[in-house]
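What follows is the residue order along each chain.
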Amino acid sequence: MVEASFYQSQNDGMVQCVLCAHRCVIQPGRRGVCKVRENQDGKLISLNYGRLIAAHIDPIEKKPLYHFLPGSAAFSVAAPGCNLRCDWCQNWEISQADARFDYERLPLTQPGVVIRQALDSGCASIAYTYTEPTVFYEFTRDTALLAKQAGLKNVYVSNGYMSREVVAEMRAWLDAANIDIKAFSEDVYRKFTGAHLAPVLESCRALRKAGIWLEITTLLVPGVNDDEVQLRGLARFIAEELGTETPWHLSRYFPQYRSTAPVTPIASLKLAEEIGRNFGLRNIYPGNIHGRVDTLCPNCGKTVISRQDYDLRKFEIVGGACPSCHTKIAGVWAGD
């Protein structure tokens, strides 16, 4: 356990956490919404620092990041906890920690150990993923700073509910992020995640402005977030405020956790893709389905990247551009 960053002391031993958009005011002996930050005698303590619940080597495409060092491996780590309560959480067994969880039963891992493991396994980056990385922020920051010194990149796979203060600090060490925009409706956010839409959109704007490579994911849940009104609103937001080159991953949903909605029809993915194309989005990718997924040059239409599921099969970007017409392809490529 370590003292948390991003909190303010208040009267009567209370503290306000400003790590995420909940900005919880926490009484002594109590925890915030995330259940991993506790007020101990007027100090906010991170209970999950270094208590990794998962550590794996993944293709970067699995994050998913399709325009960031394609074909490379990411050393992926997670600690328990989350600041959202999504009904359809895909990793609920490790993300939805409760007040009874004993974090000290997990071995303590120091940041330097993660760096050594990433280097020894030939990874190009460290991904903070599986659960919400913001809620083990101090560990991600300490690890990321060492990673930068070692020549490794840093990636967040996040729900985007971090505070503006956190984004301002992350710009010094975060290289890429995939933000899961779960819906384009305040009502849906409040009902199904226990959060609000506006802070997520603000984080996306801030990450983009900070120069951090950004990709967006939306898990399409039938009857919840796959209607044309929400899809048009989200496509417009990405195109107008993040840029038409921003990749949009449309993931197929399968019932998980507390959600009983049916599996996403392929037709819903196609409708969302059509809507995105109509708003000028250039890089739209289906997810959670098997098959080939290509990246095309936006000018001449040449296939510059081809993938089969998570496997890179073709990569023909030279100097960050299409080899045929020399149009720049937005992304972060090896050697850039």
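The present account deals with the structure reproduced in this document.

A few points about the nonpolar core
Then comes step 1: Grouped together as the largest cluster of nonpolar side chains are 79 residues, with contacts concentrated most on Ile126, Tyr156, Ile179, Ile181, Ile216 and Trp248.
Then comes step 2: Top element by residues in this core is helix H7 (residues 228-242). It accounts for seven residues.
Then comes step 3: Setting aside its immediate chain neighbours within four residues, Ile181 contacts Tyr189, Leu197, Val200, Leu201, Cys204, Ile216, Thr217, Thr218, Leu234 and Phe237.
Then comes step 4: Listed in part, the ten residues of the second largest apolar core include Ile60, Ala74, Ala127 and Trp213.

Notes on the pattern of salt bridges
Then comes step 1: Applying the stated rule across the entire model yields 19 salt bridges.
Then comes step 2: The salt bridge partner of Arg23 is Glu165, with a shortest N-O separation of 2.8 Å. With a gap of 142 residues between them, Arg23 in the loop between strand S3 (15-17) and strand S4 (25-26) and Glu165 in helix H4 (residues 164-170) connect regions that are remote in the sequence.
Then comes step 3: Ionic pairing is found between Glu169 and Arg141, a salt bridge with its closest N-O pair at 3.6 Å.

What about the side chain of Thr264?
Then comes step 1: Topologically, Thr264 is positioned in the loop between strand S13 (248-252) and helix H8 (266-278).
Then comes step 2: Judged by relative accessible area, which is 0%, Thr264 ranks as buried.
Then comes step 3: Sequence-distant contacts of Thr264, that is, excluding residues within four places in its chain, are made with Leu220, Pro222, Arg252 and Tyr253.

A word on the pairing of strand S14 (residues 284-287)
Then comes step 1: Where S13 meets S14, four bridges bridge the pair, whose relative direction is parallel. Residue pairing for S14: Trp248 is matched across the bridge by Ile284.
Then comes step 2: Where the polypeptide runs from S13 across H8 and back to S14, its parallel neighbour, the crossover connection is right-handed.

Here's the deal with empty space enclosed by the protein
Then comes step 1: Counting across every chain of the model gives one cavity of 30 Å³ or more.
Then comes step 2: The volume enclosed by the largest cavity comes to roughly 80 Å³.
Then comes step 3: Of the residues belonging to the lining of the largest cavity, the class tally is eight nonpolar, three polar and one charged.

Points about the packing of aromatic side chains
Then comes step 1: Within this structure, the stated rule accounts for ten aromatic pairs.
Then comes step 2: Between the aromatic rings of Phe184 and Phe237, the centroid separation amounts to 6.3 Å while the plane-to-plane angle is 40 degrees, which identifies the pairing as tilted. Taken together, the residues Phe184 in the loop between strand S11 (176-180) and helix H5 (186-193) and Phe237 in helix H7 connect sequence positions 53 residues apart.
Then comes step 3: Following the ring pairs from residue to residue traces out a cluster consisting of Phe6, Tyr128, Tyr137, Tyr156 and Trp173.
Then comes step 4: Here the guanidinium or amino end of Arg307 rests over the ring plane of Tyr285, the centre of that ring lying 5.1 Å away.

With respect to unusual backbone geometry
Then comes step 1: Note the cis peptide between Lys63 and Pro64, where omega equals -5 degrees.
Then comes step 2: Secondary-structure assignment places Pro64 in the loop between strand S7 (54-59) and strand S8 (73-78).
Then comes step 3: Located in the positive-phi region is Lys35, a residue other than glycine, with phi close to 70 degrees.
Then comes step 4: Its location among the elements puts Lys35 in the loop between S4 and strand S5 (37-40).
Then comes step 5: Of note in this structure, Asp309 is not a glycine but carries a positive phi near 55 degrees.

What about the sheet that holds strand S1 (residues 2-3)?
Then comes step 1: Strand order in this open sheet of three strands is S1-S6-S5, and the pairing throughout is antiparallel. The open sheet has two edge strands, S1 and S5, and neither has a second partner.
Then comes step 2: Relative to strand S6 (residues 43-46), S5 runs antiparallel, the two being bridged by four bridges. Pairing of Asn39 across the sheet is with Leu44, part of S6.

Details of the environment of Tyr310
Then comes step 1: Within the secondary structure, Tyr310 is located in the loop between strand S16 (303-308) and strand S17 (311-315).
Then comes step 2: You can call Tyr310 partly exposed: its relative accessible area is 35%.
Then comes step 3: C-alpha separation for the pair Tyr310 and Ser9, spaced 301 residues apart in sequence, amounts to 46 Å.
Then comes step 4: Excluding its chain neighbours within four sequence positions, the residues that come into contact with Tyr310 are Pro59, Glu61 and Lys62.

Some remarks on the state of the cysteines
Then comes step 1: Enumeration over the complete set of coordinates arrives at zero disulfides.
Then comes step 2: Cys17 forms no disulfide, and the closest cysteine sulfur to it belongs to Cys20, at a distance of 6.2 Å.
Then comes step 3: The thiol of Cys82 is unpaired, and the distance to the nearest cysteine sulfur, on Cys86, comes to 6.3 Å.
Then comes step 4: Accessibility expressed as a relative area gives 10% for Cys82, which makes it buried.

Here is what the cut-offs are and how they apply
Residues numbered from 1 in each chain as written. Predicted model: local features only at pLDDT ≥ 70, side-chain atom pairs only at ≥ 80, totals over all residues. Heavy atoms only, no water. Core = buried A, V, L, I, M, F, W, Y, C linked by side-chain atoms within 4.5 Å. Buried < 20%, exposed > 50% of the residue type's maximum accessible area, 1.4 Å probe, protein only. Helix = DSSP H or I, 4+ residues; strand = E, 2+ residues; numbered from the N terminus. Contact = heavy atoms within 4.5 Å. Salt bridge = Lys/Arg side-chain N within 4 Å of Asp/Glu carboxyl O. Pairing = 2+ DSSP bridges. Right-handed = clockwise from strand over helix to strand, strands pointing away. 1 Å grid on protein atoms, 1.4 Å probe; cavity = no way out; pocket = protein on both sides within 12 Å on 5 of 7 lines; lining within 4 Å. Points joined across faces, edges and corners; volume = space filled by probe spheres on them. Nonpolar A, V, L, I, M, F, W, Y, C, P; charged D, E, K, R; others polar. Phe/Tyr/Trp six-rings, centres within 6.5 Å; stacked < 30°, edge-to-face > 60°. Lys NZ or Arg CZ within 6 Å of the ring centre and 35° of its normal. Disulfide = S-S within 2.5 Å.

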